[in-house]
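# Tertiary structure, described
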Amino acid sequence: MDDGPLQVLTVPTAPYPDQRPGTGGLRRKVHVFQSRRYYLHNFIQSVFSSIDLRDRQGSTVVVGGDGRFFNRDAIEVVVQMAAANGVGRLIIGHHGVMSTPAVSCVVRKHKAIGGISLTAGSNPGGPEGDFGIKFNTASGGPAQEVVTNKIFQISRAIEEFAICPGLRVDLATLGKQRFDLENKFKPFTVEIVDSVESYANLLRNIFDFAALKELLSGENHINIRVDAMNGVMGPYVRRILCEELGSPANSAVNCVPLEDLGGQRPDADPTCATDLLDTMRGGEYDFGAAFDGDGDRNVILGKHGFSITPSDSVAVVAANIFCIPYFQHTGVRGFARSMPTSAALDKVAKATKIELYETPTGWRFFWNLMDAGRLSLCGEESFGTGGDHIREKDGLWAVLAWLSILAARRQSAEDIVKEHWLKYGRNYYTRYDYEDVELDAACEMMEDLETTLVDKAFAGQRFAVGEKIYQVEKADNFEYTDPVDSSISRNQGLRIVFSDGSRIVYRLSGTGTGGATVRVYIDSYEKEELFQETQVMLAPLATIALKISRLHERTGRSGPSVIT
Ligand code: G16
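What this report covers is the structure whose coordinates are included nearby. (Residues numbered from 1 in each chain as written. Predicted model: local features only at pLDDT ≥ 70, side-chain atom pairs only at ≥ 80, totals over all residues. Heavy atoms only, no water.)

### Considering the site of the ligand
Convention followed: Near residues are defined by distance, with any heavy atom within 4 Å of the molecule or strand qualifying the residue. Any N or O atom pair separated by 3.5 Å or less is treated as a polar contact, with the protein-specific requirement of one donor-capable and one acceptor-capable atom, and with residues adjacent in sequence counted only for side-chain atom pairs. Per-residue and other accessible areas were derived by the Shrake-Rupley procedure at a 1.4 Å probe size, with only the shown protein chains allowed to occlude residues. Gly counts as polar in this scheme, as do all residues outside two lists: the nonpolar Ala, Val, Leu, Ile, Met, Phe, Trp, Tyr, Cys and Pro, and the charged Asp, Glu, Lys and Arg.
Surveying the vicinity of the ligand reveals 18 residues, the closest of which are Thr23, Glu380, Ser509, Thr511 and Arg519. Interatomic distance of 2.8 Å between a side-chain N/O atom of arginine 297 and an oxygen atom of the ligand. Glutamate 380 places a side-chain nitrogen or oxygen 2.6 Å from an oxygen atom of the ligand. Its free accessible area being 470 Å², the ligand has 98% of it covered by the protein chains. By residue class, the composition of the shell around the ligand is 1 nonpolar, 8 polar and 9 charged.

As structure tokens, this is what we get:
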């Protein structure tokens, strides 16, 4: 600052055709950001340009990230470009690290115009891995389609970007830093904040921390095991679960955010959190949990590794929602799940006479309902659960929700789930992922499949596997009309619904970075046979799913890359 006001430059650039944000922001291989000139700059400029200049001028923006490789380089660019684009104040997590739920919380608390999270969620990290940018708007929720479409349109025609190349921010020092910019009357401010504090305060007002402390460290405490997966959640787990709620320090593992995320895929599902699953199988711990890189997803395990599907998890939380003090105060306005998520939540909604919304995949479809006061709790099969306290799914919130239920009911997670099935019936659920499939082959298969499904002759068809016979009740390409703003989202997944309520859903993922990821979701409701093996129970439907789509033949694959 001693050298006078910082220069603001306008730099010419050329557009890239592929910057359409997917389900969780823009995700690409790290080398794409490194090797394509101004690839990151173009996207960041498109994000800022999507906000009306009058709203942007002097505004506040929150910046966080999960600490993965390329975060620091990217934050520097974001800071320099925010300053040059008229933003007045940036709030940044200490060391540039802040979880996605905390970014949502801080955006709302400071009435920011938006938040930028530098993360590729549950995708692998490191120089050979993925990097990404999520953009949240003033509500604290992921940008909606109308905004992401605008960002994409701008990115396709971009000719220049604005930047203050001389601006250097110290991410390691808490507090305010001021920078004088040429052509600006007011200094540009950067505030480095404790990444956990505001978020922890929010949780303290939602849950009964005294009861949770008793559960985790009182006389009859349970033993928990929490895996932060070397992502952003380490500091949150240490501070909230260990220091504040008294869980022993060694109950939390992989708590230091690493640039390569420890070389493992930071996904909150039992196939990735294998260390946690193995440890839980040993029987030493009563309850286990893990998160993804940026802390918005969660996996919940009971003793001996009893695995709880995300679809069941949200249904159980819904059925026990008044174990959470927040909902005792706010009441429950509605439940929601994404279309491919199992219908377990629907059963609870029906029994409690609470409205149930079925939305397309992606958290951005939930928060409009929350802002309109119509939704309190929602979940997705992709290990996302959350409430209307923020506008993102929230991994640690989900863990505290479960612990609140355990504290109130004094039963094991497994017993709670099994009692739930006895009362409501069970939705057996599985997802097959075919990763890195050739894009054209995947798209052509989906197109042909749609042609088959929407043909009038398809409804009513019967499929037999062994003794099981399934009759098609309806089949379509899922389309959603937002009940709040009447916007329509088409092409959200091909689904076949059978007369017994079982479903097969086919979708192309919006988060992959190589080729296409084909997802096949299978959901079957049982009232009697409640305690069988999922894969055995769903084998007939899986056979039918592959037969109808000819997926293996069309993609050249002999089986899924991952089954969850
Ligand atoms: C993102 C979105 C979620 C979505 C998930 C999977 O999660 O935020 O809403 O369910 O991707 O999407 P897809 O099936 O299109 O891959 P995250 O945690 O990766 O940001």
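So, next bit.
### Regarding the side chain of aspartate 394
Applicable threshold: For helices the rule is a DSSP run of H or I covering at least 4 residues; for strands it is a run of E covering at least 2, with both sets numbered from the N terminus onward. What makes two residues a contact is simply this: any of their non-hydrogen atoms within 4.5 Å.
Looking at where aspartate 394 falls in the secondary structure, it is placed in the loop between strand S17 (384-387) and helix H15 (395-409). A distance of 3.3 Å separates the side chain of aspartate 394 from the backbone nitrogen of tryptophan 397, its partner in a polar contact. With sequence-adjacent residues up to four places away left out, aspartate 394 is seen in contact with Pro101, Tyr199, Gly295, Asp296, Thr385, Gly386 and His389.

### Describing the packing of aromatic side chains
Here is the rule: Here a Phe, Tyr or Trp ring, Trp counted by its six-membered ring, pairs with any other such ring whose centre lies within 6.5 Å, and the pair is stacked when the planes are under 30 degrees apart, edge-to-face when over 60, and tilted otherwise. The rule is simple: take the accessible area with a 1.4 Å probe, protein chains only, and divide by the maximum for that residue type; under 20% is buried, over 50% is exposed, in between is partly exposed.
Going through the model one piece at a time under the given rule, you end up with 17 aromatic pairs. Here tryptophan 363 and phenylalanine 366 contribute two aromatic rings whose centre-to-centre distance is 4.7 Å and whose plane-to-plane angle is 80°, an arrangement assigned as edge-to-face. The same class applies to tryptophan 363 and to phenylalanine 366, which are both buried. For the ring pair phenylalanine 365 and tyrosine 480, a centre distance of 6.0 Å and an interplane angle of 85° mean the geometry is edge-to-face. In this pair, phenylalanine 365 is assigned in the loop between strand S15 (356-359) and helix H14 (367-371) and tyrosine 480 in strand S21 (residues 480-481), connecting sequence segments 115 residues apart. One aromatic cluster is present, formed by Tyr16, Phe33, Tyr39, Phe70 and Phe131 through successive ring pairs.

Taken by themselves, the reported measurements are silent on function.
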